[in-house]
Amino acid sequence: MEVFSIAKNGHSLLGRAWETPTAKANIVFFTGMEEHALRYADFASYLNDRGISLYVLDAPGQGLNIDEGKGKLPQVWVEGDFDRTVSLGHEKLLEVKTRTALPTGIMGHSMGSFMTQRFLELYPGEADFVGIIGSNGPCLAKMKISYFLASLIVNGKNAKKPSKFIQSLGIGAYERAIKDRKGPLDWLSYSEENIQAYHDDPLCGITNTNIFWKEFLRGMSHLYEKREIGKVSPKERILILAGEGDPVGEMGIGIERLKKMYEKQGVQDLRVIVYPKMRHEILNEEGKAAPYGEIAAWALKGVGG
């Protein structure tokens, strides 16, 4: 495993690369909220064993991109960081694809899944395959209202402070959606081992700041606009994976909306799987071998040798 840096237009992000000398394909991956790239080490090992290199980009204010000495504070974004992170993911995809001359796809989990959706709008046809994991479908009015609310709340005095109100409306809603919960992290997973590991990880669960929410919602407020969705190429190969008990995907309802959105765009090569007995973090559930296998098969689809 190595650390990489990718830069464009004066902005840069760090990430972690798990390369294999026997690679037949590559995946560039966007992480979720309040986590970091190193959590994907087990996933990377599985992919490497099957001839797939993995490049996981840490989001601004997360993982390797926390450096308080350089003003890179935990969960702090600047204006435009949603689309900028997508752009840097695109830059990494181009670098890897050019250097290796291998099929290279873009994927993301949770927050990263929405960045992957945005990638399809900004860079249609540039990824050889796509994976959207732990996501949701079109909810334009909700995102517009949420961004408007965040714009009213966030100001110069509270921007870099941990969010309480917006956090309670966002992640707090996912927590409350689990009726039989034992604790606030139960929405992530059925696996108590995974929940404990997340709880014990100092780089996980750092409360989002007000400016993070404003900038995340700025990006989301454009994601499902008709003119943006219309940019998606019907030639994309899209894999959508989710847990049946995932509140982010509205327990499967939002995943169905997402499926229909891409079908309406004419996407033919579309595979959707909703796993029973899984919640949000399907790559960390006890049955993770199933989504691992689907992702590997999707990346290697049509690859010889």
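Let me sum up the structure you'll find in this document. Because the structure is predicted, anything quoted here is derived from the model rather than measured.

### Some remarks on unusual backbone geometry
Then step 1. Positive phi values are uncommon outside glycine, yet Glu 34 reaches one of about 50°.
Then step 2. Relative to the elements of secondary structure, Glu 34 occurs in the loop between strand E3 (25-30) and helix H1 (41-49).
Then step 3. In this structure, Ala 101 takes a positive phi of about 55° despite not being glycine.
Then step 4. Checked against the element boundaries, Ala 101 lands in the loop between helix H2 (81-100) and strand E5 (104-109).

### Some words on the pairing of strand E2 (residues 11-18)
Then step 1. Note that strand E1 (residues 2-8) and E2 share seven bridges and pair antiparallel. From the neighbouring strand, Ser 5 faces E2, where its bridge partner is Leu 14.
Then step 2. Counting the residues in the hairpin turn of E1 and E2 gives two residues, including Asn 9, whose phi is positive at 55°.
Then step 3. Of the strand pairs in this sheet, E2 and strand E4 (residues 52-57) are connected by four bridges, and their pairing is antiparallel. Paired with Arg 16 across the bridge in E4 is Val 56.

### Comments concerning the pairing of E4
Then step 1. Among the six residues in E4, six count as buried, and that is most of the element.
Then step 2. Where burial is concerned, the two faces of E4 agree: the one with Ile 52, Leu 54 and Val 56 and the one with Ser 53, Tyr 55 and Leu 57 are both buried.
Then step 3. Taken together, the six bridges between E3 and E4 define a ladder with parallel strand orientation. The residue bridging Asn 26 from the neighbouring strand is Ser 53, located in E4.
Then step 4. Between the parallel elements E3 and E4, the chain passes through H1 in a crossover that is right-handed.

Parameters at a glance
Residues numbered from 1 in each chain as written. Predicted model: local features only at pLDDT ≥ 70, side-chain atom pairs only at ≥ 80, totals over all residues. Heavy atoms only, no water. Helix = DSSP H or I, 4+ residues; strand = E, 2+ residues; numbered from the N terminus. Pairing = 2+ DSSP bridges. Buried < 20%, exposed > 50% of the residue type's maximum accessible area, 1.4 Å probe, protein only. Right-handed = clockwise from strand over helix to strand, strands pointing away.

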